[in-house]
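Descriptive analysis of the structure
Okay, here's what each chain looks like letter by letter:
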Amino acid sequence: MIDAFRLLQYACPLALAAIGETISQKAGLINIGLEGQMLTAAYVAMVATQDTGSPWAGLLAGVVAGVLIAILTAWFTVRRGIDQVVVGTAVNLGALGLTGTLFRSRFGESGRLLSIPGIPSFGGYAGLDAVTLGMVLSVVLATWLLTRTGWGLAARSVGEYPSAAEAAGFSVFRLRTQAAVIGGAFAGLSGAYLTLGVNQSFAEGMTSGRGFVAIAMVTFGRWKPAWVLAASLLVGYAESLQFALQLQRSDIPYQLFKALPYILALVVLVLAGKGGQAPRALGTAYRRER
Amino acid sequence: MRAAVAQGALVVFGLVAVLVGTLLAFGLPVGPSLELIGQGAFGDKFGIARTAVKATPLLLTGLGIVVAWRARMYNIGGEGQFLAGALTGATIAKFALGVAPAALANVAILAGSVVGGALWATLAGWLSVRRGVDVVISTILLNFIAIEGLSWAVSGPLQEKKRQLPLTEALPDAAMLQRFDPQTDLHSGVFIAVVLAIAVYVFLFRTRVGFRLRVVGENERVARVNGMDADRIRLGAMALSGALCGLAGGVEYVGIAGQLSAKFSQNWGFLAIPVALLGALHPLAVIGSAAYFGALFAGSENLARFTPAGSTLVYVIQAVAVLAYVALRSWKARPPAGESE
């Protein structure tokens, strides 16, 4: 259908977001605002690249945007203990409104066709570039970080039994904020690459649910970065089918292909059943006892 | 009572402050913008009708969110249930019109939308209760599936007879909800929504089942100790939530649009979440927050002279308002002074 490097490129934003989400979920944070982080980063990356002419500046700006939103989110959810779903929903809505408003006031109601320089690929293989390679490498790094370092152990304990971790001398506040920031950097890179690598353009609401699918990928991959990558590649492949099959099989409605990643994610969650591997304190606020 | 009034006044003040702040942040002239928004939302009978018509789907879906979230079922799927309701209604319209009298078809469409929305939400509820699938994720995924389903239906099985445009057949006037003034879009769905807000209030705060629903949401252990079947109550809350969101889709269909297109919903089911939150998940307060945001959506169309942003500006206002509201509420519950970090 499409070659391996193209698939890697196509699945890269989903995989990056999902790997970052794995780290933050391990520390007990479910980031419903992932979609909004990606969308904001995608917009910021486009503007920064257009203004500087350098896609690398765009990538950096995207990462910074992702981290800033993560800090904002963590202030609400970790510091103030406010419900993670409520904050994430507001972040998504705010990102949709902010990028839409800025985009329209900069480029007009419909937005003219934008084209910006993309990330250069290696050796003429489209899809093989610094970000896609970095993404694969980040799987190894994330696994090492979570399973082989003191920080990973502490973060995981915060995701399982925050009160026990606190009693053992770890700061739930600090560890969860750090995990959120790492997740935010991944989300920012993911959104920026969507603009600079996959589309080389920006459109309102262009993330079209990838952030939500990424959250589902974490459950699908059982909170293990390598499996999360595999899940993302599988769903990315299903998504890419729409382009290939749309031409060959006009008897099948193209909407079915567009819905396929969502259906696939849902079916997998149903089959996975009650996840025994889910961090026990996932999605719950920690309040220090006095 | 006086405390409630004082809190209400504070919320109103806060909402206006957020509106002004957002206008300033985007460099819009505050005075003229407010005047234009006010003109568009309340200036004449057209404005008032526009506000009421935009507030209606927000109120109905907002009530749906209230019912589910009160049982701690985080239904983010208002959008999908809204569309599932409208699609079921349009399917009934295709078969009922020409066979049944139009007035009867109207009732059948609305009833169908209730069932369609309820089923779509119950699917997510069932997956949560039986298979442990997080409602937040499943309802979001079901939203996207419903959006593609709508897009397929309006260019496939439900497409209009000439098969030229991706639209369903337009309903005859007799099958639409009653209108009060031929010049405006104001329809009887507004009153359906307000009556249902009162009904949901009575259900949640004046009936045994509603009480159980709230107990399950607030403290599951207390609920179980008292012999309540938490799973069944949660499933029921999802079904009722979906029914309300589905009805919103049906009312929008037979009240305003008269036909479905792929862009049938303007994010109503999604915007319902901030509406419900700013209404403190209280059915009667949600009437107020739906009216406020209905007015902003109606009035922001008037801002075209200054900015092409319009509705996206209202999204920002909603997001900022929700974050400010939850932050203030957490502050009241846990003053930062007593905190050590």
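Preceding this section is the structure that the text describes.
Residues numbered from 1 in each chain as written. Chains lettered and ligands numbered in written order. Predicted model: local features only at pLDDT ≥ 70, side-chain atom pairs only at ≥ 80, totals over all residues.

1. Side note on the overall build of chain B
Looking only at helices and strands, chain B has 13 helices and zero strands in total. Computed over its C-alpha atoms, the radius of gyration of chain B comes to 21 Å, within 12% of the 20 Å expected for a compact globule of 341 residues. Dimensions along the principal axes, computed over C-alpha positions, put chain B at roughly 70 × 60 × 35 Å. Sorting the 341 residues of chain B into buried and exposed places 55% on the buried side. Once local pairs closer than 6 in sequence are excluded, the contacts in chain B between residues at least 24 apart make up 77%. (Helix = DSSP H or I, 4+ residues; strand = E, 2+ residues; numbered from the N terminus. Rg over C-alpha atoms; globule rule 2.2 N^0.38 Å. Buried ≥ 20, exposed ≤ 12 C-beta atoms within 10 Å, placed from the backbone. Contact = placed C-beta atoms within 7 Å.)

2. Concerning the interface of chain A and chain B
Tallying the contact residues gives 38 residues for chain A and 37 residues for chain B. Only helix 4 (84–107), helix 9 (210–220) and helix 11 (254–272) of chain A provide two or more residues apiece to the side of chain A that touches chain B. Looking at the side of chain A that touches chain B residue by residue, the classes come out as 21 nonpolar, twelve polar and five charged. (Nonpolar A, V, L, I, M, F, W, Y, C, P; charged D, E, K, R; others polar.)

3. Regarding the environment of G21(B)
Here G21(B) is to be found in helix 1 (residues 2–25). By C-beta crowding, G21(B) is classed as partly exposed, having 16 other C-beta atoms within 10 Å.

4. Notes on the packing of helix 1 (residues 4–26) of chain A against helix 9 of chain A
Residues and elements named next belong to chain A. For the pair helix 1 and helix 9, interaxial distance at closest approach is 8 Å and the crossing angle is 55°. The orientation of helix 1 with respect to helix 9, classified from their angle, is oblique. You can see that helix 1 and helix 9 cross each other, and the crossing is right-handed. Where helix 1 abuts helix 9, its residues P13, L14, A17, A18, E21, T22 and Q25 lie against R210, G211, V213, A214, I215, M217 and V218. (Axes fitted to C-alpha atoms, helices over the stretch in contact; angles between N-to-C directions. Parallel < 35°, antiparallel > 145°, perpendicular 65-115°, else oblique. Left-handed = near helix turned anticlockwise from the far one by under 90°.)

5. Regarding the nonpolar core
Ranked by internal contacts, the top residues of the largest apolar core, which has 217 residues, are A42(A), M217(A) and L141(B). Non-local contacts of A42(A), meaning those with residues more than four positions away in its chain, are made with G191(A), A192(A), L194(A), T195(A), F202(A), M206(A) and T207(A). (Core = buried A, V, L, I, M, F, W, Y, C linked by C-beta atoms within 7 Å.)

6. Observations concerning the packing of helix 10 (residues 225–248) of chain A against helix 11 of chain A
All names here are of chain A. Contact pair helix 10 / helix 11: the axes reach a minimum separation of 9 Å and the direction vectors enclose 170°. Looking at the two axes, helix 10 sits roughly antiparallel to helix 11. The residues of helix 11 that touch helix 10, namely those facing V235, A238, E239, L241, Q242, L245 and Q246, are Y254, F257, K258, L260, P261, L264 and A265. Among the residues making up the contact of helix 10 with helix 11, the classes are represented as ten nonpolar, two polar and two charged.

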